[in-house]
Structures are given as C-alpha cells and as structure tokens.
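Examining the three-dimensional arrangement
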Amino acid sequence: MPNLSRPLAFCALVLGAAGCGADAGAVPGQPAAPPPAALLPADPGDTLSLAERDSIAGRIAFIAERDGNKELYSVRPTGGGERRLTQRAEQDFPGPVRPDGSELLVISLEGDGPTRVERFWVAPGGSGPLRPLGPRGALMRNPSWGPGGEWLVYESNTRDGYRDIYRLDRATGRVRPLTNDPEGNFRPVVSPRGDWVVFGSSRDSVSELYRMRPDGSAQERITRTPRDEWAVRWSSDGGLLAFLSDRDGSDRVYLSYPDGREPRRLSEEPVDPHVMEDVPAWAPRGFGIAWVRRTRNEPSRILIRDVTNGFRGEVRARGLGSLDDPTWSPDGRYLAFTLTRGDTAQVYVARADGTRPTRVTHARGPNWYPVWLSERPAAEEDARSTR
C-alpha cells in the first residue's frame, strides 16, 4: 500500500543491488530451501536484454504524475506497450492485485482536507473500465484480499474518526467492522490461506501486532515490546511473518512465526540509529524477501535475502539515486522498483538477485510505485490487447 501522503521528494522508489552486510541464517523448523532457480545466479552484466525482458510475463502498473495528477498507467517489462488505466479528477493509487490476477484494486482520493472522500475500484485485467467496489469513506486504506478474492479487509475511520478494520464482501457489498477500539487498528493483512488477519493496534498504548480470524473473532496480541511494531507481511506459504519494529532503537525488519514466536532481526549486523529499514516484500514463491535500507546522507538501496538458504543480493543505483518500493514479479524471478534522482522517479526491473537493473519508464515527471499485473505470458498479453 503506498503512503498516500508521500510528498514528491519521497516518490523515488529505487531498487539497487549490491552486497549487503550481515544476514539471517535459516529459520528453525522451516521447510527446506526453495529451488536455487527461484533466485537467478548473479551476473556482472549491464542491463537486461530486450529479449529477456520480452520473456517476462505480465505488465507493471505504476503511478504517473505527468499531467499534474496521480494517474495509473501500465507498461510491459520491455518498456513498450504503455497503457493509461485512469484519467479522472481523482488521485488514483494502485492497490493489491486480486489473488487470481484478474483485477487490480484501485484506491481513489477525491477532494482534499475535511471534504476528501476515498473509494475502492477494481480494474478487470488491470486495464479497466473501472468498477466501483463498496461504499465511499473519509479514509479507505491498506486493503488486503482474502485468498479467493471474494472479500477483502481494510482500515477506515468512517465510523467515529478512529481507524478500525473492516471487511467488505464482494457478492453482497456488505461492510462490517472487525475491530472497535478508540486507540486505533490499522494495516490488516490476510494470511495466504485466509484463516488469519494480522494487523497493528494501539490499544495497549504502543503499536503492537495482533491477529484475529477473518470474522473478527479470537483477537490476540502476538508481539510484546515497549516499542512499536508495524507493516507486517506474510511469507508465501503463511509460515513466517516479516514486520518492522524499532525495539532495538531503529526501524528494522524482523521475522517471526505467525503467532509471534521466536522473533528475530533479519539483518544480524549491529543496529545503527542512522540506518532505517522499510517496505519488506516477500517473493510470491519460496522464502526470498526484499526490503529498503535508508542510511543518513546516502541513497537508499534494496537488499534481497533468502531466509532459508542464506542467499544475499542487493540493488544500488548507478551514480546518485534512491531506491524504494520493491515488488516481485508473479513468478518470483524479477523485481520492479523505483529509482529517484532529484525530482524525477522512474520504474526499473532487475533480476531477482538484483543484477541488471533496467529502466522501463521514460516519460517526464514522477513514475513510481510499481505493481505487477497478471502472470499471463507476454504473447498472450499482446493478443488480448489487440482484441
């Protein structure tokens, strides 16, 4: 979910690759390491060839501000076949793709300040036309699909000004609250099997992680520290959580089992208050994870690890530039990210090990926050686009 209030200065989403410092070892009790093919071997070459990019399935949706408004576009990994997905007065942001790949969720913001209204839309096939989904609200954020795409959960302050978790059922359009705490509940994420929803809550004075069943029952706290925990993400098999915590004095990515047991910092290097980590993103298969490391007075970069086999990769910008918002291709073989230099942000792709970062957007103005669409082979995508 993008930071909807992120100013232009932070639009840069850069993914770079470089070796990183310390890393995590294997997680006790976890399944065997995924096939090495899930992470391609390092290659000291320059950029991805056009032929390799043409073989990558799917398209990449992104936010473009070339017309002074936040609109959604999509592009092939080749950099060709650009399509405009939205052209409206609202500010549009990409949400998560429905688990079967059939729809892109779109979050629109209309108006500003106390008159602002937000709403979900779906774009069939990631190309529209847009269809409204659910009611309008003052705030509609951080949606997460159930595994079949028949329902989703999100945070909203529609009821009383405090953020709570709501569930929206597609068939009936019914919306019901799953939490009710004046201290606030936020950032819900549905497990891959749909049996748990993990979310943040400030009901105990600090932001801690909780989980509940998809009907709101069996709520329980799963982290217990005097500091904040947030931004949780499920691994592809539902066996691990990744989340952010400042329990050691600076924002870091941590891993734990789904019930909060055995939390540990992903990076084993000493905590430096000048270094902060952000945006953990699991690969859709196996146990690869990418995240952003921000160091004071240095461009941000993207780190890549496999938590079961110790693989380490990294993406750095060539020259100056900051990397942000890594997102994996549906087959887990490539990453997309944004590189920002000055006031210009562009979308890039790289192999899953971080090598051969290659620019795929070229229009002037910020082009950022990439989201992969569909697993359909490129040839099928082209055939569909000509019908």
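Computed from a prediction, not measured in an experiment: that's the story for all the values here.

**As for the side chain of E314**
Inspection of the secondary structure assignment puts E314 in strand β23 (residues 312-315). Side-chain polar atoms of E314 contact the side chain of R301, separated by 2.5 Å. At 3.1 Å, the side chain of E314 and the side chain of R316 are in polar contact.

**With respect to the pairing of strand β21 (residues 288-295)**
Across a regular strand the side chains alternate sides, sitting on one face of the sheet and then on the other. Within β21, seven of the eight residues are buried, which leaves the element mostly enclosed by the surrounding structure. As judged from the six bridges shared by strand β20 (residues 275-282) and β21, these two strands associate in the antiparallel manner. Its bridge partner lying in β21, W282 is registered against I289. Linking β20 to β21, which pair antiparallel, is a turn of five residues; within it G286 sits at a positive phi near 70°. The pairing of β21 with strand β22 (residues 301-306) spans six bridges and is classified as antiparallel. Its bridge partner being in β22, I289 is matched across the sheet by R305. Adjacent in sequence and paired antiparallel, β21 and β22 are bridged by five residues, among which N297 carries a positive phi angle near 65°.

**Some details on the sheet that holds strand β2 (residues 71-75)**
Taken together, the four strands give an open sheet; going across it, the order is β3-β2-β1-β28, and neighbouring strands pair in antiparallel fashion. Looking at the sheet topology across the chains shown, the edges are occupied by β3 (83-84) and β28 (367-373). By the bridge criterion, five bridges tie strand β1 (residues 59-64) to β28 in an arrangement that is antiparallel. Following the sheet pairing, A61 is matched in β28 by V371.

**Here's the deal with the nonpolar core**
Core analysis: the biggest nonpolar cluster contains 26 residues, and L104, L105, F120, L133, L152 and Y154 have the highest contact counts within it. Among the secondary structure elements, those contributing two or more residues to this core are β1, β5 (103-110), β6 (117-124), β8 (140-145), β9 (151-156), β10 (164-169) and β28. Ranked by residue count, the leading element in this core is β5, at five residues. Core analysis: the next-biggest nonpolar cluster, separate from the first, contains 16 residues, A283, V315, A317 and A350 among them.

So, how was this worked out
- Residues numbered from 1 in each chain as written.
- Predicted model: local features only at pLDDT ≥ 70, side-chain atom pairs only at ≥ 80, totals over all residues.
- Heavy atoms only, no water.
- Helix = DSSP H or I, 4+ residues; strand = E, 2+ residues; numbered from the N terminus.
- Polar contact = N/O pair within 3.5 Å; in protein donor to acceptor, adjacent residues only side chain to side chain.
- Buried < 20%, exposed > 50% of the residue type's maximum accessible area, 1.4 Å probe, protein only.
- Pairing = 2+ DSSP bridges.
- Core = buried A, V, L, I, M, F, W, Y, C linked by side-chain atoms within 4.5 Å.

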